[in-house]
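Okay, here's what each chain looks like letter by letter:
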Amino acid sequence: SAVISQKPSRDICQRGTSLTIQCQVDSQVTMMFWYRQQPGQSLTLIATANQGSEATYESGFVIDKFPISRPNLTFSTLTVSNMSPEDSSIYLCSANRNMNTEAFFGQGTRLTVV
Amino acid sequence: EDKVVQSPLSLVVHEGDTVTLNCSYEVTNFRSLLWYKQEKKAPTFLFMLTSSGIEKKSGRLSSILDKKELFSILNITATQTGDSAVYLCAVDAGNMLTFGGGTRLMVKP
């Protein structure tokens, strides 16, 4: 597996503001994903970050709220826009080297919106 | 809709006990089943299972998949306090993972 550096590790933000989370992989990967884990719950996929094109969002998640960039095969960002307390969660990025290998995860970002 | 269900929801055992965690799934395009251990934020990879009946083992942890009955188990023998974590099961059903709700394991000294 490879190593993903995710930052920030945690943040406390005011409602109405936006936060951008970055993930840097130490080698090129085919697939990158963004997940949300609300308190006491499991991971929910937000979107697949596609290199060079718009992300593919899962039901219940929209680009205006969670814009994603993936400018190359090693880097992606997720922005949580116009935050409300309901956005308080852990956000995780993950990546696969290719379709037949396991997903590995960044260290996660614990976001608290006040 | 793809579904992954884990049981039990939580478990409290004493050091030295053996535990079995369960994961059942219903997906339309099964590729593999994965187990992760989540202690703080980032899940760490344990096993990937693609074939039925072949046990994967790593130290005190082992896992097996039954593709006919659509379930997997994760066994932990001689548990230690460091095994306390949430254990997540996920199914790869076509380039995305569907996660179960997790089993929270607490191992008491």
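Coordinates for the structure precede this section.
Residues numbered from 1 in each chain as written. Chains lettered and ligands numbered in written order. Predicted model: local features only at pLDDT ≥ 70, side-chain atom pairs only at ≥ 80, totals over all residues. Heavy atoms only, no water.

**Structural notes on the pattern of salt bridges**
All names here are of chain B.
Point 1. The final tally for this structure, using the stated rule, is 3 salt bridges over all chains.
Point 2. Close ionic contact of aspartate 92 with arginine 31 constitutes a salt bridge, the shortest N to O distance being 3.7 Å. Of the two residues, aspartate 92 is situated in strand S9 (residues 85-92) and arginine 31 in the loop between strand S3 (19-26) and strand S4 (32-38); the sequence distance between them amounts to 61 residues.
Point 3. We classify aspartate 92 as buried; its relative accessible area is 6%.
Point 4. With its nearest N and O atoms 2.8 Å apart, the salt bridge here joins aspartate 83 to arginine 60. Taken together, the residues aspartate 83 in the loop between strand S8 (71-76) and S9 and arginine 60 in the loop between strand S6 (56-58) and strand S7 (61-66) connect sequence positions 23 residues apart.
Point 5. We classify arginine 60 as partly exposed; its relative accessible area is 23%. (Salt bridge = Lys/Arg side-chain N within 4 Å of Asp/Glu carboxyl O. Helix = DSSP H or I, 4+ residues; strand = E, 2+ residues; numbered from the N terminus. Buried < 20%, exposed > 50% of the residue type's maximum accessible area, 1.4 Å probe, protein only.)

**Things to note about the interface of chain A and chain B**
Point 1. Taken residue by residue, the interface counts 22 residues in chain A and 18 residues in chain B.
Point 2. Across the chain A to chain B interface the summed buried area is about 1,600 Å²; carbon plus sulfur atoms make up 57%.
Point 3. If you sort the residues of chain A by the area they bury against chain B, Met99(A), Glu102(A) and Phe105(A) come out on top, with a joint share of 28%.
Point 4. Between chain A and chain B we count 0 salt bridges in total.
Point 5. At the boundary of chain A and chain B, one finds 5 residue pairs in polar contact (both at pLDDT 80 or more).
Point 6. No other element matches strand S4 (residues 31-37) of chain A, which puts 4 residues into the side of chain A that touches chain B.
Point 7. Along the lines of polarity and charge, the residues of the side of chain A that touches chain B split into 10 nonpolar, 9 polar and 3 charged. (Contact = heavy atoms within 4.5 Å. Buried area = accessible area lost by both parts, 1.4 Å probe. Polar contact = N/O pair within 3.5 Å; in protein donor to acceptor, adjacent residues only side chain to side chain. Nonpolar A, V, L, I, M, F, W, Y, C, P; charged D, E, K, R; others polar.)

**Quick look at the side chain of Asp83(B)**
All names here are of chain B.
Point 1. Residue classification places aspartate 83 among the buried positions, given a relative accessible area of 4%.
Point 2. Among the polar contacts listed, one links the side chain of aspartate 83 to the backbone nitrogen of glutamine 80, at a separation of 2.8 Å.
Point 3. Dropping the residues within four chain positions of it, aspartate 83 is found in contact with Lys37, Arg60, Ile76, Leu105 and Val107.

**Some details on the nonpolar core**
Side chains of nonpolar character tend, in soluble globular proteins, to be buried together.
Point 1. In terms of nonpolar packing, the biggest core is built from 27 residues, with Trp34(A), Ile46(A), Phe66(A), Ile68(A), Leu78(A), Tyr91(A) and Leu111(A) touching the most fellow members.
Point 2. Going through the elements one at a time, strand S3 (19-25), S4, strand S5 (44-49), strand S8 (75-80), strand S9 (89-96) and strand S11 (109-113) of chain A are the ones with two or more residues in this core.
Point 3. It is S3(A) that contributes the most residues to this core, 4 residues altogether.
Point 4. In this view, Leu78(A) contacts Leu19(A), Thr20(A), Ile21(A), Trp34(A), Ile46(A), Phe66(A), Pro67(A), Ile68(A) and Tyr91(A); residues no more than four positions away in its chain are not counted.
Point 5. Membership of the second largest hydrophobic core comes to 22 residues, among which are Val27(B), Trp35(B), Cys89(B) and Ala93(B). (Core = buried A, V, L, I, M, F, W, Y, C linked by side-chain atoms within 4.5 Å.)

**Topic: the layout of surface pockets**
Point 1. Approximately 510 Å³ is the volume found for the largest pocket.
Point 2. For the largest pocket, the lining is made up of 27 residues, of which Gln37(A), Gly40(A), Gln41(A), Val86(B) and Arg104(B) are closest to its centre.
Point 3. Every element with two or more residues in the lining of the largest pocket is listed here: S9 and S11 of chain A together with S9 and strand S11 (103-108) of chain B.
Point 4. With 4 residues, the top contributor of residues to the lining of the largest pocket is S11(B).
Point 5. Here the lining of the largest pocket is built from residues that sort into 9 nonpolar, 14 polar and 4 charged. (1 Å grid on protein atoms, 1.4 Å probe; cavity = no way out; pocket = protein on both sides within 12 Å on 5 of 7 lines; lining within 4 Å. Points joined across faces, edges and corners; volume = space filled by probe spheres on them.)

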